[in-house]
Amino acid sequence: MLKRWGHGKGIRVLIFTIALCLLAVGQMKATALASALERPQSQKRFVAIVIDDFGNGMAGTEEMMKLPVKFTAAIMPFLPTTKQDAELSHKKGHDVIVHMPMEPNKGLRKWLGPGALTTDLSDEEVRKRVEAAIDDVPHAIGMNNHMGSKVTADERMMRIVLGVCKERGLFFLDSRTTYKTVVPKIAAELGVPLVSNDVFLDDVYSVGHISKQISLLRKHMESHEIGVTIGHVGPSGLKTASVLKQSIPVMQSDVQFVKLSALVSGSAGNPLILPNP
């Protein structure tokens, strides 16, 4: 009797233990399901590609226009293909912004192109040039700086530039060509929508470097919801277009490619008007 009772008790303990395990597994699944349901549906991460230096028939222009995602075309004013590139970009559904030439700390002024902003200009002349540049680029909804490490660190200059942007309803992309930029400060004061560059793709004109910068962008996206990256037509144009064409499909499993206007308007999921760190 004792043996039979002990044997029966062991079976009951075993059954009870199995039941507890099944219950625990069920609770874990329920918790995981609840967690998934509570998680925001839009956990996607967003990358905006900006291509600078359109407007002068530069190498890579045609190839960039064939990229498989929408991007933002930064077009320099007063150049031979300014209007042509702006019209084509707009027709293809890309964002168009003014790529405003601005004085750098180092470099020749002739690199800037016509209508450039330099710190020796009067307030009136700065305003006049910014307004003329906006008028010269069809469909422009924003602006960023071409070069400009000196100008974007100058509060007087940027207060005028951003003031005109606000009046004309344009957002501003800080290309971040200097760590001394005052753009975030002035944009916040004036209430101008601002986005900031995170990664330059092609500051060195080689496929190896551009690919390395893509890896840096992907690393950035592991801990950020938003990434802004800038490439160029011109000396690196064909290489940059080629690397982007290969990289975009690989990245699309982890990120969604959007135009800058989506970040500014918040249509990418959340209100995303912010100066990225």
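Below, the structure is looked at part by part. Not measured: the values here are computed from a predicted model.

A closer look at the pattern of salt bridges
- This structure, assessed with the given rule, holds 14 salt bridges.
- The shortest N-O distance in the salt bridge between E167 and R127 comes to 3.0 Å. Of the two residues, E167 sits in helix 5 (residues 155-168) while R127 sits in helix 4 (residues 123-136), which places them 40 residues apart along the sequence.
- Of the charged contacts, one joins K219 and E222 as a salt bridge, the two residues approaching to 3.5 Å between their closest N and O atoms. Just as K219 is exposed, E222 falls in that class too.
- The structure contains a network of salt bridges with shared partners spanning E155, R159, K185 and E189.

Quick notes on the environment of I230
- Positionally, I230 belongs in strand 8 (residues 226-232).
- Residues I230 and N197, 33 residues apart in the sequence, show an inter-C-alpha distance of 6.9 Å.
- Those residues in contact with I230, other than ones at most four positions away along the chain, are V50, D52, N144, L173, S175, N197, V199, F200, L201 and D202.

Let's talk about the pairing of strand 8
- In terms of burial, strand 8 is largely enclosed, as seven of its seven residues are buried.
- Neither face of strand 8 is open: one carries I226, V228, I230 and H232, the other G227, T229 and G231, and all of them are buried.
- By the bridge criterion, two bridges tie strand 7 (residues 199-200) to strand 8 in an arrangement that is parallel. Paired with V199 across the strands is T229, a residue of strand 8.
- Each parallel crossover has a hand, and the one from strand 7 via helix 7 (residues 207-221) to strand 8 is right-handed.

A closer look at helix 3 (residues 82-91)
- Within the span of helix 3, buried status applies to T82, D85, A86 and S89. Within helix 3, the buried residues cover an arc of 100° as seen down the axis, which keeps them to one side. Across from the buried face of helix 3, at angles greater than 90 degrees, the exposed residues are Q84 and K91.
- Contacts made by the buried residues of helix 3 are with strand 1 (45-54), helix 2 (61-64), strand 2 (72-75), strand 3 (95-102) and helix 4.

Reading the values: rules and limits
Along each chain, residues carry numbers from 1 onward, in the same order as the chain's sequence is written. A pLDDT threshold of at least 70 governs which residues receive local features in this predicted model, and a stricter bar of 80 or more applies before side-chain atom pairs are shown or counted, although totals over entire chains, interfaces and linings include all residues. Water and hydrogen atoms play no part in the side-chain values, which are based on all heavy atoms of the structure. Should a side-chain nitrogen of Lys or Arg be within 4 Å of a carboxyl oxygen of Asp or Glu, the pair is scored as a salt bridge. In DSSP terms, a helix is any run of H or I states spanning at least four residues, a strand is any run of E spanning at least two, and both are numbered starting from the N terminus. The classification of residues rests on relative accessible area computed with a 1.4 Å probe and restricted to protein chains. Under 20% of the type maximum is buried, over 50% is exposed, and intermediate values are partly exposed. Here a residue-residue contact requires only that any non-hydrogen atoms of the pair lie within 4.5 Å. Paired strands are those between which DSSP finds at least two bridges. With the strands aimed away from the viewer, a crossover counts as right-handed if its path from the first strand over the helix to the second runs clockwise. Taking the helix axis as origin, the arc is that swept by the directions to the C-beta atoms.

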